Amino acid sequence: MADPTARVLAVQRLLRVEAEGAHVARLADGAHPPDVSRRAVDYVSGVTRQKRWLDFLIAEFYRGDVEGLDPELRQILRIGTYELIEREVAPHAAVNEAVETAKALLHRGAAGLTNGVLRALDRAHRAGALPDPDTGDLANDLAVRYSHPTWPVRRWLDRWGEEATRAFLAASNEPGHFTLRVTGGAEAVPGVIRELADLGVEAEPSEWTDDFLAVDRLQPILRSGLLDEGTVAVQDVAAGLVVHVLDPQPEERILDAAAAPGGKAVYAALRMHDRGEVAALDVSEAKVGLIAGAARRHGLSIVRPVKADLTTWESDARFDRVLLDAPCSGSGVLAKRADLRWRRSPEGLDELAELQDALLDAAARHVRPGGLLVYSTCSVEAEENDDRVAAFLSRRNEFRLESVEGLVPDALVDDVLYRALPHVHGTDGAFAARLRRSPD
Ligand SMILES: C[S@@+](CC[C@H](N)C(=O)[O-])C[C@H]1O[C@@H](n2cnc3c(N)ncnc32)[C@H](O)[C@@H]1O
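Here the structure is a predicted model, which is why all the values come from computation and not from measurement.

(A) Layout of the packing of helix H4 (residues 91–105) against helix H5 (residues 108–126). For the pair H4 and H5, interaxial distance at closest approach is 8 Å and the crossing angle is 160 degrees. As the angle between them shows, H4 and H5 are arranged roughly antiparallel. Read as a crossing pair, H4 and H5 show a hand that is right-handed. Of the residues in H5, those in contact with Pro 91, Ala 94, Val 95, Ala 98, Val 99, Ala 102 and Lys 103 of H4 are Arg 108, Ala 110, Ala 111, Thr 114, Asn 115, Leu 118, Arg 119 and Asp 122.

Quick look at the structure:
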């Protein structure tokens, strides 16, 4: 017997995402059994990520005006299409469940329409005859097929060409590549793999560095005590490797100039064996609390959270190494954040570039003569990465670019820069540059 609870919940949440701009990641709640909640989260994030492609398919098989469909019915059709096309759920189950959801939320007419559209779609899918967007504008067609806004696709096509753009778009639709940082380092990895196996999680050492594990799912880990005890932390290995680019040493003074929620500050302190100082600054009052919590869970004493705006912050001390992990568009983490692609804009990129320049100049003031400034983002856009570094070097001739070679695996070294790309390395996108200040 079909149980529409998870789908009904997903329809209600999807309507909130669209009407109120609610963030997908903040919709989880504990009011339903874990299985219902988990499926609702999957529908909401999958449909949010794929909605442009799903709407294109629905429009091809529904003989009326899709825009004019009842909003709830539209979400029911999207969820059913998502299950049939993207999740490869058994067709009778996907269609029956969608029909039951339409009956529960709407009326018999809506249920009949749902049945007709989804059955036609499934027949075409199984016959390998799903339509492809074909407007003659490649950027638009790829944007529909991979469910993105058209403007960034046009830019990626211009920069990378069709093959790399297709690969990047496909990678941005593949959620579920999660890695864990193991607090005890490489020696602790075999024991943690055994603990994870007891939770039913498959884990294997990351190919990029030996204190990270790739895991097949996160939910059982989130429910276990492993995060609270500080045994492991959820961190993408590409983000972790930014700390390798910084290469903090025991007894040094480190400034993490945009530190919340604290993933990199904590990893830096661990690599310093909790000796020295990590000042972890962030402008957000709420998020500074997260840094303190993360340090506590890991039993670290040298992480000092500071609530301040970097652009006006004064400090008597100069630091051996400063990390500026700048606010960015997040185009390297689109797979993990289902709604992010719909929240970006070209104007947003310009504003971010301005902020990144201001923060870089502010961070540079705190680097001691001969010290190191590392600039990093989780973006793949040259406007936020290479261009910001070049602009900084042209403003500040007391800094020069230094190679990341030897600090991260060779495959992640792009000339002298650190660059991880989702479609090439199977990680989140990440970028970092080492900027050495002259000894005065
Ligand atoms: C990419 S996140 C940092 C992530 C962090 N490094 C980590 O690994 O967990 C960027 C951070 O910059 C902070 N930020 C933005 N403007 C700032 C400013 N003017 N001064 C200090 N922090 C700022 C944001 O609050 C945000 O937490």
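(B) Summary view of the environment of Leu 281. On the secondary structure map, Leu 281 appears in strand E6 (residues 277–282). If we ignore the near neighbours within four places in the chain, the residues touching Leu 281 are Leu 255, Asp 256, Ala 257, Ala 259, Val 306, Ala 308, Leu 310 and Trp 313.

(C) Focus on the UniProt feature "binding site: S-adenosyl-L-methionine" (unreviewed entry) in the chain. Look at the UniProt record and you will see "binding site: S-adenosyl-L-methionine" (unreviewed entry) annotated at Ala 258, Ala 259, Ala 260, Pro 261, Gly 262, Gly 263, Lys 264, Asp 282, Asp 309 and Asp 325. Topologically, Ala 258 is positioned in the loop between strand E5 (253–256) and helix H12 (263–271). When residues no more than four places from it in sequence are discounted, the contact partners of Ala 258 are Asp 282, Leu 310, Leu 324, Asp 325, Ala 326, Pro 327 and Leu 359. Looking at the secondary structure, you find Ala 260 in the loop between E5 and H12. C-beta crowding within 10 Å serves as the criterion here: with 24 such atoms nearby, Ala 260 is assigned to the buried category. Excluding anything up to four places from it in sequence, Ala 260 contacts Asp 282, Ser 284, Lys 287, Val 288, Leu 290 and Ile 291.

Basis of the calculations
- Residues numbered from 1 in each chain as written.
- Predicted model: local features only at pLDDT ≥ 70, side-chain atom pairs only at ≥ 80, totals over all residues.
- Axes fitted to C-alpha atoms, helices over the stretch in contact; angles between N-to-C directions.
- Helix = DSSP H or I, 4+ residues; strand = E, 2+ residues; numbered from the N terminus.
- Parallel < 35°, antiparallel > 145°, perpendicular 65-115°, else oblique.
- Left-handed = near helix turned anticlockwise from the far one by under 90°.
- Contact = placed C-beta atoms within 7 Å.
- UniProt positions renumbered as here; feature names shortened; annotations may be inferred.
- Buried ≥ 20, exposed ≤ 12 C-beta atoms within 10 Å, placed from the backbone.

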